[in-house]
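Secondary and tertiary structure notes
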Amino acid sequence: MPCFAPEAESEWLPLNSDNYVYSKGNNTDMGTDTKTDTDVLTPAQRGPKTILQNIWSKVWNNLLFTLTLVAVVLGLILGVIVQQTVTPYSTDLVVVLLKFPGELLLRMLKCVILPLVVASVITGLGAINAKSCGKIGGVAVTYYLTTTVMASILGLCLVSIIKPGSGNQEDFIAKDVTLNQNTNTLDTMMDLLRGAFPDNIVQATFGKHATELTNVTREDGSSYLNRSLEFKSGMNMIGVIVFSIVIGVIMSLHPKEAAPLMKVIQAVNDVTMRLVTLILWYSPIGIFFLIAGQFAGVENFGEMMAQLGMYMVTVLGGIAIHFFIVLPGIFYAFTRRNPVQYYLNMLPAIATAFGTDSSSATMPVTLKCVEENNNIDKRISRFVIPVGATINMDGTALYEAVACLFIAQVKGVPLNFGQVIVTGLTATLAAVGAAGIPSAGLVTMVMVLNAVNLPTDMISVLLTVDWFLDRFRTITNVMGDALGCAIVQHLCAEELAEMDREKELQEEGGAENLIHSRKGDIEMGSSL
């Protein structure tokens, strides 16, 4: 076997036909520098990959999404099997046990929402000048309101055409549930504004105030509604976001004074995102058990489809049109980018949204997808995504518009054109005020029905399918947030480029000042 003396410090020394040794100088030690021929050959020299190798490569490169998708499918299968085989008397315990690992996932995701929202919004806006903050915020809110109104109009049109509620009211069996019947649009909007300006920011992280209406009977037998503010558990997301926005804008106005605090908040954000990455590797397990437990708890699939089959078709059809046609159309009209690839890059967030049934809990995954997969500027995503998870509820607006007219059709109550318009507007406002939590739209449904004087007893019927439809509403809301990031970034590209130029000039100016100061120190030392 010929052996070639190395001509340079690093040479390849062929020892045999199957193995090569990378040698530094004349050292032929094979300890740590051994490489096989597959390491040194170029991809072209290795030859084309087989179909199985290509498939395995794609699966390995997208391992987390693959595991999540498999978890969704297996969860559906296991849930249906358990629902069909377990006796009704033991179903409750089985459902609790199945949901428990998924409950841990929800708790972990919700645990990081507060530090993630605060740090993301502040660092995002802190890196933007005040003028650009106004434009970015205006574009984002305009986009959210526009898509929500379009979703509500689409729902009204579909339910008017399909008429899923045209039938006998006796076909629908109500369930015994307790709902707050005393709510209206005015009080809901006032609570929304109160929440935006919390009197205690620490308290806003774990509770919020809401108006409670109670019937009070006077001595003469007449009654009236008594309004009182009650403190309820649950994060006041709007208040936290508004507070973070104000802090971020102030820090952008005083960058030098705020620099130390910005470094701390940036570190918190980075650490939180690393924690999110760890949680995501547990998410396939949690999603598997969440979906299995939910489907296992369904009492009767046949009865559910017999009662509300056309209602489900109407809602899912509207969501499909909005998800696959309206949102991609708006996205392409503004950005001229391929919406298919953008959607594919968001698949991990879509799968997580379906499993967790919460746009707020999905927010950490959404941020990672838009930033890492779709290359959205962090200054945009860290403001647009948290705001969108709170106020962008396209799926909820469509669902409430369809549900309201469906109940009117079932009850045989004709609605004129003005009442239909009121229904659409109220559904839009209710969707904006709905929290990013599971089945929040069902709570605000009372407000929409009261706006057109429709009975609320039929809401209990919708409970049988709300858990299923809510997952598709959540997917639509999450995807709307993600597409909004790209649209806002495209429309604010000039502002972002200008900020980049200003940053480069500041860095160059700082370097020049440092050089001049060092020259001055040297000259002073030589003179001494």
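Parameters at a glance
- Residues numbered from 1 in each chain as written.
- Predicted model: local features only at pLDDT ≥ 70, side-chain atom pairs only at ≥ 80, totals over all residues.
- Heavy atoms only, no water.
- Helix = DSSP H or I, 4+ residues; strand = E, 2+ residues; numbered from the N terminus.
- Buried < 20%, exposed > 50% of the residue type's maximum accessible area, 1.4 Å probe, protein only.
- Contact = heavy atoms within 4.5 Å.
- Areas by Shrake-Rupley, 256 points an atom, 1.4 Å probe, with all protein chains shown as cover.
- 1 Å grid on protein atoms, 1.4 Å probe; cavity = no way out; pocket = protein on both sides within 12 Å on 5 of 7 lines; lining within 4 Å.
- Points joined across faces, edges and corners; volume = space filled by probe spheres on them.
- Nonpolar A, V, L, I, M, F, W, Y, C, P; charged D, E, K, R; others polar.
- Patch = residues over 30% accessible without salt bridge, like charges linked within 9 Å, V, L, I, M, F, W, Y side chains within 5 Å.
- Salt bridge = Lys/Arg side-chain N within 4 Å of Asp/Glu carboxyl O.
- Core = buried A, V, L, I, M, F, W, Y, C linked by side-chain atoms within 4.5 Å.
- Phe/Tyr/Trp six-rings, centres within 6.5 Å; stacked < 30°, edge-to-face > 60°.
- Axes fitted to C-alpha atoms, helices over the stretch in contact; angles between N-to-C directions.
- Parallel < 35°, antiparallel > 145°, perpendicular 65-115°, else oblique.
- Left-handed = near helix turned anticlockwise from the far one by under 90°.
- pLDDT = per-residue confidence, 0-100.

1. Some points on the overall build of the protein chain
- Scanning the protein chain from terminus to terminus reveals 22 helices and five strands.
- A buried classification covers 44% of the 528 residues belonging to the protein chain.
- A sequence separation of at least 24 residues applies to 78% of the contacts in the protein chain between residues at least 6 apart.
- When the accessible surface of the protein chain is split by element, carbon and sulfur atoms take 63% of a total near 27200 Å².

2. A few points about empty space enclosed by the protein
- Using the criterion set out here, one finds two cavities of 30 Å³ or more in the structure.
- Size it by volume and the second largest cavity reaches roughly 30 Å³.
- Ser359, Met363, Thr366, Ile385, Ala389, Val478 and Asp481 are the residues that line the second largest cavity.
- For the lining of the second largest cavity, the secondary-structure elements that each account for two or more residues are helix H16 (359–373), helix H17 (378–391) and helix H21 (459–491).
- In terms of residues, the lining of the second largest cavity owes the most to one element, H16, which gives three residues.
- Tallied by class, residues from the lining of the second largest cavity come to four nonpolar, two polar and one charged.

3. Quick notes on a nonpolar patch on the surface
- Where nonpolar side chains cluster on the molecular surface, the patch consists of Leu69, Val70, Val73, Leu74, Ile77 and Ile81 and spans about 490 Å² of accessible area.
- Looking at the secondary structure, you find Leu74 in helix H4 (residues 63–85).
- Judged by relative accessible area, Leu74 falls into the partly exposed class, the value being 43%.

4. What to know about the nonpolar core
- Tyr311, Tyr342 and Met479 are the most contacted members of the largest nonpolar core, which totals 108 residues.
- The element contributing the most residues to this core is H21, with 16 residues.
- Once residues lying within four places of it in the same chain are set aside, the contact partners of Met479 are Phe323, Tyr342, Tyr343, Met346 and Ile350.
- With six residues, the next largest nonpolar core counts Ala119, Ile122, Met251 and Ala258 among its residues.

5. Thoughts on the packing of aromatic side chains
- Applying the stated rule across the entire model yields twelve aromatic pairs.
- Seen from their ring centres, Tyr143 and Tyr144 are 5.4 Å apart, and the 55 degrees between their planes marks the pair as tilted. The burial state of Tyr143 is the same as that of Tyr144; both residues are buried.
- Ring geometry for Phe295 against Trp467: centres 5.0 Å apart, planes inclined by 90 degrees, an arrangement best described as edge-to-face. In this pair, Phe295 is assigned in helix H12 (residues 283–296) and Trp467 in helix H21, connecting sequence segments 172 residues apart.
- Its relative accessible area of 7% is what places Phe295 among the buried residues.
- Taking relative accessible area as the criterion, Trp467 reaches 13% and is therefore assigned buried.

6. Thoughts on the layout of surface pockets
- Here the second largest pocket is characterised by a volume of approximately 900 Å³.
- What lines the second largest pocket is a set of 25 residues, and nearest its centre among them are Gly126, Ala127, Ile128, Pro255 and Lys503.
- For the lining of the second largest pocket, the elements supplying multiple residues, two or more each, are helix H6 (113–126), helix H10 (237–253), helix H11 (255–280), H17 and helix H22 (493–527).
- At seven residues, the largest contribution of residues to the lining of the second largest pocket is made by H11.

7. Remarks on the packing of H6 against H16
- Direction vectors running N to C along H6 and H16 enclose 50 degrees, while the axes themselves pass 10 Å from each other. When the axis of H6 is compared with that of H16, the two are oblique. In this structure, H6 meets H16 at a crossing whose hand is left-handed. For the pair H6 and H16, contact is made by Ile113, Leu116, Val117 and Ser120 and by Ser360, Ala361, Met363, Pro364 and Leu367, respectively.
- Counted by class, the contact of H6 with H16 contains seven nonpolar, two polar and no charged residues.

8. A closer look at the pattern of salt bridges
- On inspection of all chains with the given rule, the structure shows eleven salt bridges.
- For Arg382, the salt bridge is made with Glu371, and the minimal N-O distance between the two is 3.4 Å. Here Arg382 is found in helix H17, whereas its partner Glu371 is found in helix H16, with eleven residues between them in sequence. When sorted by exposure, Arg382 lands in the same class as Glu371, which is buried.
- Ionic pairing is found between Asp466 and Arg473, a salt bridge with its closest N-O pair at 3.4 Å. Each member of the pair Asp466 and Arg473 is classed as buried.
- One network of salt bridges, with partners in common, ties together Asp377, Arg379 and Asp500.

9. Some words on the confidence of the model for the protein chain
- On average, residues of the protein chain score 79 in pLDDT, and 79% of them reach the 70 mark or higher.
- When the criterion is pLDDT under 50, residues 1–35 qualifies, and its contacts beyond four places in sequence or with other chains add up to 46 contacts.
- Predicted confidence for residues 175–181 stays below pLDDT 50, and this span has ten contacts to residues more than four positions away or in other chains.

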